[in-house]
Structure formats: C-alpha cells, structure tokens
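# Secondary and tertiary structure notes
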Amino acid sequence: MPRPGTFIADGAVLVVNQRIVRLGQAGEISGSFPNAARIHQEDCLLMPGLINAHCHLELTALSSLCPRPGTVDFIDWILSVITAKKKAPEKLFKDGLAAGQQLLLESGTTCVGDYHSPQWFQTDDAPRNQIRAVHFLEIISREESLEQDRQPELLESCLVHESRQDSLVQVGIAPHSPYTVSLPLLGQLITMAEKHRLPLSMHLGESAAESRFFRDGRGPIATKLYPFVGWQDFPPPAYGKDSIDTLLQENLLRCLSAVHLGTARSDQLKEFARLAVKPILCPRSNHTLGNPLPDLEAMLNSGLAPALGTDSLASVDSLSLWDEMRFLRQNFPDLPAEIILTMATVNGAAALGLQDVGQLAPECQADMIAVQLRAPRQIPSLDELIEHTDIQDIRMVMVGGKIEKSATGIP
Ligand SMILES: [Zn+2]
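Since we're looking at a predicted model, the values are computed, not measured.

Calculation notes
- Residues numbered from 1 in each chain as written.
- Predicted model: local features only at pLDDT ≥ 70, side-chain atom pairs only at ≥ 80, totals over all residues.
- Helix = DSSP H or I, 4+ residues; strand = E, 2+ residues; numbered from the N terminus.
- Rg over C-alpha atoms; globule rule 2.2 N^0.38 Å.
- Buried ≥ 20, exposed ≤ 12 C-beta atoms within 10 Å, placed from the backbone.
- Core = buried A, V, L, I, M, F, W, Y, C linked by C-beta atoms within 7 Å.
- Domains from an automatic or database assignment.
- Contact = placed C-beta atoms within 7 Å.
- Expected span 1.5 Å × (residues − 1).
- Pairing = 2+ DSSP bridges.
- Axes fitted to C-alpha atoms, helices over the stretch in contact; angles between N-to-C directions.
- Parallel < 35°, antiparallel > 145°, perpendicular 65-115°, else oblique.
- Nonpolar A, V, L, I, M, F, W, Y, C, P; charged D, E, K, R; others polar.
- Arc of directions from axis to C-beta.

## Some words on the overall build of the protein
- Tallying secondary structure elements over the protein gives 15 helices and 14 strands in all.
- Scaling as 2.2 N^0.38, a compact globule of 411 residues should have a C-alpha radius of gyration of about 22 Å, and the protein matches this with 21 Å.
- When its C-alpha atoms are laid out on the principal axes, the protein stretches across 70 × 45 × 40 Å.
- Across the 411 residues that make up the protein, the buried fraction comes to 45%.

Pasting the structure below:
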C-alpha cells in the first residue's frame, strides 16, 4: 500500500541504502534485480511507517499522572506535570526517551515529532535514536525577547549541531503555547524558524481555560498556573478575544503546525487554510484531560490536512497510533478509514516539514512496516485494518532501510 487506499498485489519495494528506488510487482522487481537480498513478508500488508506528529517522549515514565478520562481539571493536571518534572531524577526522563522510542517502534511508528525540554535537546546524554524524529526545542518563557533568555545560544548551537548529528534527527522550534510564551517572543521564534527553514510547532486552542485567559485575563491560568510558576506579576493579556483570534490578528500563525485546536471555530479554520497552518490532532489526550475534541468535519471542509499525534503517556494510556486511529473512528464514525490512515502517514510528514517520508515512492526514505493480514491474498479493508491492528500484528519495522523490528524480535 504505497499510500492509504492504493494497492499493488504481490508487491515489492526495492531499497538501496536508506531509500526506496523502485516499487512494483515482486516478479518484475526480482527479475530486474536478481542479486538483491530479499526480505519476504508472507501474507502481510507492506505500508508506510506511521508518523506520530506530536509526542513528549521524555514524559514516558510519568504514566502515573495519566488520569481516568474526565476526572481531572486541565490546569491542575499541568501543575502535577510541572511538579513531577521538578522532583523526578534526570534518569527517569532519559530512560523515558529510550522506552518511548521502543513503544513507538513496536506499534509500527517510524517517525515522531517530539517536544524536548532544553536539557534533553541535542545533548550527548540523550539516548541513541532508532526512530526518525523532529526534535522540537520546547520554549517556555514570559520574557519579551530572546536576548533576555539563555535560549538564543541554545538555538544557534542546535542549528550548528544539526548537520553533524544522526541523519535520522532534524530539529524544530516549539513555543509551548500562547499562554506560556510571550507574544513578542513568539514573533521572534517564528522569524527564526522562517530564516532557518525549521519546522515550528505549538499547542494551540487546547482548552476553554486558554480561550478565557486571552479574552478577559481570568480563570485558572491566571489564578492557579501563573502564581504556581511565579508569573503572577506578568500582566494578563485580556485581549477581548480568544487565543486563536489574537494570534490571527497579530499575524502570529505563519508556518505553524498547531497541536490540538479543540476550541477552533469553523471561521478560524478557514483562515488557517488560507495561512497553510497544519493541524495536529491528539483526540485521546483531549478526551482524557476534559478538553474539547476538534471540529474535524469543519477542518476537512476547509481543505486542511490534519495530522495525528498521541501526546505523552501522562495523558494517554498508549503511544500506539492504531489506538489513536480507533478512537477517531469511534468518535467520528462518518470519517472514511482512508482519511484516518492519511492523517497518520502523509499528513504527518507534511506537519513535520518532511518531504520524503509518509509514503512508499521512489526517492523516499525506506520507512515502512509489514502488517499481518487476517484475510491473506485479498485487498484489505481499511476499516478492518484500523479496527484490528495491534502490536502483535506488526511483523516488521524498517527505518531508513534498517530493520528495527522483525517478527522474531527487535534485532
Ligand atoms: Zn503536547
């Protein structure tokens, strides 16, 4: 299945080094390249590896913070994450980065957009990358400019690092949210991303609390979060309009991948389409934390191409995109399976600014998975594929031409 919904029966993919060179029928490819080594996947669907466009792998060990759906106030949950991040030993986060990658690989995800706190960003301390990733430097600061913060050096050094690092990893910038980064700083980060052609990702429109804080400067962000982190003296924004309208007005949505968008209205989504904003949806996380689910129908009607992410184990009970896709099917029953799979592959690549992943095509990276079919030798139903696929059905995972999981275990 080179892309969701297109099939080649008895297909084969020819890989040279890290990339796909040719696709076609197995007989034709092995006839043309008789000396090529073969990896045979009996009764499997070979498809692009899944792309998890939003994650915080460093929080993998904080799964005890994940509440039962609807039992926690969103801002209280943020306070519990901040407390845990302060208290927990560094090893916990480092181990989480490695364990999270394994969980992604096992479930057939070959690429991730991952927010990293500054201490884990491009350091030699971080575990080796087995998965393709865009590491987004997460920035949280109420300062008005980069110069007042220590982050400019960090940003510049990571840009220098980029060319020397593991080719599986690219870097990006993640202003955490409109209420945790000042708008002047957000403007500078956008300019920096434009200048260096870096992907830019931000949580946006996640909660009613965020909308309220921008409208009138009140609510739990003002009364709980700001005092908790010592920001009580920063003046509340009180723009008289929600965060999304404010950023639209200030022209602060350029080249952005926007995570969540549960509060976005259809008129705002139309503007997003005009500005080429790329939505990244994490519906299970929204559900757990009592936040609104996005208006997916309005997004698709506006011509947007939403991607899919899981968020971290602090707000969902698995890092499997199959679970995320199943949740979408349950909550948006009219949504075609082909669109859901496109969200988890092709659209994920676009949201991360990666041109050569998300599909099987010549010159693309050889990032692919083999999924065991329940009814072999038939074109699979995509509805059933989403309904039934789980970790044990992922027979092989290849990232950049290297096998990271096979049916006999991870080599
Ligand atoms: Zn997140």
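## Topic: the nonpolar core
- In terms of nonpolar packing, the biggest core is built from 95 residues, with Ile51, Ile173, Ala258, Ala344, Met368 and Ile369 touching the most fellow members.
- Shared between two domains, this core holds at least three residues of each, these being domain 1 (11-48 + 359-406) and domain 2 (50-351).
- Sequence-distant contacts of isoleucine 369, that is, excluding residues within four places in its chain, are made with Met47, Gly49, Gly108, Thr110, Ile394, Met396 and Val397.

## Notes on helix α3 (residues 90-106)
- Here α3 spans 25 Å end to end across 17 residues, near enough to the 24 Å set by a 1.5 Å rise per residue.
- If you check which residues of α3 are buried, you get Phe93, Gly96, Leu97, Gly100, Gln101, Leu104 and Leu105.
- For α3, the secondary structure elements touched by its buried residues are β4 (50-55), β5 (109-116), β13 (394-399) and β14 (402-406).
- Directly after α3, the chain includes glycine 108, whose backbone phi takes a positive value near 90°.

## Here's the deal with the pairing of strand β8 (residues 200-204)
- The element β8 is extensively covered by neighbouring structure, given that 5 of its 5 residues are classed as buried.
- Looking at chain direction, β8 and strand β9 (residues 256-260) are connected through 5 bridges and run parallel. Across the sheet, residue leucine 204 finds its bridge partner in β9, namely histidine 260.

## Considering the packing of helix α6 (residues 208-216) against helix α7 (residues 220-228)
- Contact geometry for α6 and α7: axes closest at 9 Å, N-to-C directions at 100°. Here α7 runs roughly perpendicular to α6, going by the angle between their axes. Contact with α6, carried on its side by Ala209, Glu210 and Phe213, involves Pro220, Ile221 and Ala222 of α7 and no other residues of that element.
- Grouping the amino acids of the contact of α6 with α7 by side-chain chemistry returns 5 nonpolar, no polar and 1 charged.

## Some points on the domain arrangement of the protein
- Partitioning the protein into structural domains gives domain 1 (11-48 + 359-406) and domain 2 (50-351).
- Centre-to-centre separation of domain 1 and domain 2, based on C-alpha positions: 31 Å.
- Contacts between the two partners involve 18 residues from domain 1 and, on the opposite side, 21 residues from domain 2.
- Mapped onto the side of domain 1 that touches domain 2, the elements with two or more residues apiece are β12 (368-372), α15 (382-388), β13 and β14.

## Observations regarding helix α5 (residues 183-196)
- Here α5 is 14 residues long and its end C-alpha atoms lie 20 Å apart, about the 20 Å a rise of 1.5 Å per residue gives.
- By the burial criterion, the buried members of α5 are Leu185, Leu186, Leu189, Ile190 and Ala193. All buried residues of α5 fall inside an arc of 140° around its axis, so they share one side. Exposed residues pointing more than 90 degrees away from the buried face of α5 are listed as Thr191, Glu194 and Lys195.

## Things to note about unusual backbone geometry
- Despite not being glycine, cysteine 255 shows a phi value in the positive range, around 45°.
- With respect to the secondary-structure elements, cysteine 255 resides in the loop between α8 (243-249) and β9.
- C-beta crowding within 10 Å serves as the criterion here: with 16 such atoms nearby, cysteine 255 is assigned to the partly exposed category.
- Even without a glycine there, the phi angle at glutamate 363 is positive, about 80°.
- Tracing the chain through its elements places glutamate 363 in the loop between α14 (346-351) and β12.

## Observations concerning the sheet that holds β13
- Spatially, 4 strands are ordered β3-β12-β13-β14 in an open sheet, and the strand pairing comes out antiparallel. What marks the edges here is a single partner per strand, and that holds for β3 (44-48) and β14. Strand after strand, the sheet turns through a mean of 20° between neighbouring axes, direction not considered.
- Where β13 and β14 come together, 4 bridges link them in antiparallel fashion.

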